[in-house]
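For reference, the chains in residue letters:
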Amino acid sequence: MKSNADDMVGAAGHYGISRNIWRGGVLVFFAFLASCGLFLSLTQGTMNISIIDIINILQSPINSSNSQIIWNIRMPRTIVGALVGVNLALSGAILQAIMRNPLADPHIIGISSGAGLAGVTIMILFPAMEYLITPVAFVGAMGAAVCIYIIAWKNGIKPVRVILAGVAVSAFLGSGISGLMIFYSDRVHGALLWMVGGLAARSWPQVTIIWPYALVGFILALLGAQYLNILQLGDEMASGLGINVEAVRIALTAVAALLAASAVSVVGLLGFVGLIVPHAARLLIGSDYRFLLPASALLGIGVVTLSDTFARVIFSPIELPVGIIMAFIGAPFFLFLLRREL
Amino acid sequence: MNILDIKNITVELSDKVILRNMNLSIVNGEVLSIIGPNGCGKSTLLKTIARVIRCKSGSVEFEGTNVQSFSHRQFAQRLAILTQDPEAPPDLTVYDLVKLGRFPYRSWYSGNAKEDEEQVAWALAQTGMEQMKERLLVTLSGGERQRAWIAMALAQRPKVLLLDEPTTYLDICHQLEVMQLLRKLNRELGLTVVMVLHDLNHTLQYSQRIAVIKAGEIIRVGETQEVINDTLLKDVFRVKADIFMASNGMQAILPIDLIKL
């Protein structure tokens, strides 16, 4: 068997000072990717606006249609995409450590199924109240997460019980989603888009909703980095090192749930970001969460904004939901990771 | 003087009684081994002392203070535990691991980086791991890895070190290396060592006292050389064994046959 260790040595196994240089290099590379994503997302689109025009518009907003496109369409959409990338990637990275399971992502604590059922219910049964979709989806996501935690609780939390409860609750809620879609098959179009996840028509109101969660979540996650490092040694060793394992696990699960719930309630059920991005970041930068968390956040920005630009440009003027692009790229990449690691 | 007093503890795991009304005192500066058949509750006792598992009734006292009244960090500064076969991420170096041992002394708003570095260096020196501190944990041999974990525990600067079968999966040379390291730490630092062991010859060679557990109860406690005898081996392990004098003057045992009930 070729051990994981050999791979790690190949990727990040330069020690001492050089290991920190490597980590710095990876962070710079991810920051570069993120910048590319932000830049392309702002400059590419159905309307051809030259870069010089964009720079002028950014410096002095004028009342032209191009200015409208930049300031009220592309800019907020880019920001929403970036923040969603940050939130989902951080959420996945946190969950992978506290569940000690490389397959953990926001799905397993019910975020997707909870937000999904809530969102689809609004869209299909109460289409007139579509403006409520974000808060209701948020409540649905948190509700499902709390529900799974309560079901899994038995003298404390064992990760494997959370994962099993998550699978069961997600299947249960999923049956509700499918049921609604079948009974109201004439109204499923919007619901389908929501289930795939997309950034179309997301603007400043969505930015306002998501940025406080992204900011607070990022700070809390970084404060929890050393706890996450120690939880990777297992519950018993973590307890022996002075961690209140139950309390820390609940607190960090709550952070992960808030990050993911705020993201999916705004853009729908974006798959794969929460699973793939932390994995990819870990392969390059290693499993020290003080570096892995910022790396995941930067890579999350890059992946979502680049995918969304791609989704807008590839069949322009028709626009694909970003969720399709990401799953299309994400799934093969995930298989590649699996083959590498197992 | 006792450093740990286990007072009449009963421990249940999923509604099954694992330890029943158990009493045990651990003397400051001793090496105490806990032995007994598989499933008798040895590891549970160790985890209860380390506060990883809560007892249903009774109490564990550290220097006369109930362990529950310490904060998690305070307790980790006094007592360290090494569980059996602990896990670690594949890219963790020995240095990274030992540094984690300083966690009880750090928090996000405070911590003394210089002190931490000194203590990490000290722990590496005590375990002979300075040369290997940049190595990845997974690339070490079993014995070296066990020494790295012991170094992490030492970085906590505990008064008591608990170990759950520290020599499992090691070949005899590495077993001896680990046992001699523990003896050295006990003698030179006055570290109290409490360990669950399977190898009775290790208990005879390295521990002053022994506690024998059977079915959740302590049936004998005392000087190792006195406690281990024909009757005990027969009653507890159902084996017939020869007990003889080894060349270093210590007793050694060789199991000869099973005793049919």
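Residues numbered from 1 in each chain as written. Chains lettered and ligands numbered in written order. Predicted model: local features only at pLDDT ≥ 70, side-chain atom pairs only at ≥ 80, totals over all residues. Heavy atoms only, no water.

*Asks:* What am I meant to see in the overall build of chain B here?
*Replies:* Within chain B, the secondary structure is distributed over nine helices and twelve strands. Computed over C-alpha atoms, the radius of gyration of chain B comes to 19 Å, within 12% of the 18 Å expected from 2.2 N^0.38 for 261 residues, which places it in the range of a compact globule. Burial statistics for chain B: of 261 residues in total, 52% are counted as buried. As presented, chain B carries roughly 11,800 Å² of accessible surface, and 48% of it is formed by carbon and sulfur atoms. (Helix = DSSP H or I, 4+ residues; strand = E, 2+ residues; numbered from the N terminus. Rg over C-alpha atoms; globule rule 2.2 N^0.38 Å. Buried < 20%, exposed > 50% of the residue type's maximum accessible area, 1.4 Å probe, protein only. Areas by Shrake-Rupley, 256 points an atom, 1.4 Å probe, with all protein chains shown as cover.)

*Asks:* Explanation requested: the overall build of chain A in the structure shown.
*Replies:* A count of helical and extended segments in chain A gives 15 helices and zero strands. Split into buried and exposed, the 342 residues of chain A put 54% on the buried side. In chain A, once contacts between residues fewer than 6 apart in sequence are set aside, the share between residues at least 24 apart is 75%. On chain A, roughly 14,700 Å² of surface is accessible, and the fraction owed to carbon and sulfur atoms is 73%. Between the averaged position of the 17 positive side-chain charges in chain A and that of its 13 negative side-chain charges there is a distance of 4 Å. (Contact = heavy atoms within 4.5 Å. Lys, Arg positive; Asp, Glu negative; His and termini not counted. Charge placed at Lys NZ, Arg CZ, Asp CG, Glu CD.)

*Asks:* Would you mind showing me how to read the confidence of the model for chain A here?
*Replies:* Interpreting fine coordinate detail is not advised for predicted regions of low pLDDT. Here chain A averages 83 in pLDDT, and 93% of its residues register 70 or above. Every residue in residues 1-15 of chain A is under pLDDT 50, and counting partners more than four places away or in other chains gives 23 contacts. (pLDDT = per-residue confidence, 0-100.)

*Asks:* What is the right way to look at the interface of chain B and chain A in this model?
*Replies:* Interface size is commonly expressed as the accessible area that is lost once the parts come together. The interface is formed by 31 residues belonging to chain B together with 27 residues belonging to chain A. Taken over both partners, the interface formed by chain B and chain A buries close to 2,500 Å², and the fraction arising from carbon and sulfur atoms is 65%. Between the two partners, chain B and chain A, sit three salt bridges. Of the charged contacts in the structure, one is a salt bridge between Glu87(B) and Arg100(A), with a shortest N-O distance of 3.5 Å. Secondary-structure elements contributing two or more residues to the side of chain B that touches chain A are helix H2 (72-76), strand E6 (79-82), helix H3 (94-100) and helix H5 (142-155) of chain B. Here the residues of the side of chain B that touches chain A sort into 19 nonpolar, five polar and seven charged. (Buried area = accessible area lost by both parts, 1.4 Å probe. Salt bridge = Lys/Arg side-chain N within 4 Å of Asp/Glu carboxyl O. Nonpolar A, V, L, I, M, F, W, Y, C, P; charged D, E, K, R; others polar.)

*Asks:* Whenever I open this one, the sheet that holds strand E3 (residues 31-35) of chain B confuses me. Can you help?
*Replies:* Sheets are built from strands paired through backbone hydrogen bonds, the pairs being either parallel or antiparallel. All names here are of chain B. The sheet built from six strands is open, its strands ordered E6-E7-E8-E3-E9-E10 with mixed pairing. Each edge of the open sheet is held by one strand with a lone partner, namely E6 and strand E10 (217-223). Averaged over all adjacent pairs, the angle separating strand axes in this sheet is 15°, with direction ignored. Across four bridges, E6 lies against strand E7 (residues 160-164) in parallel orientation. Counted as the bridge partner of Ile81 is Leu162 from E7. Most of the contacts of helix H1 (residues 42-49) go to E7, to which it runs at about 150°, and overall it touches E3, E6, E7, strand E8 (192-196) and strand E9 (209-214). Along the sheet, H5 contacts E6 and E7; its crossing angle with E6, the most-contacted strand, is approximately 160°. (Pairing = 2+ DSSP bridges. Axes fitted to C-alpha atoms, helices over the stretch in contact; angles between N-to-C directions.)

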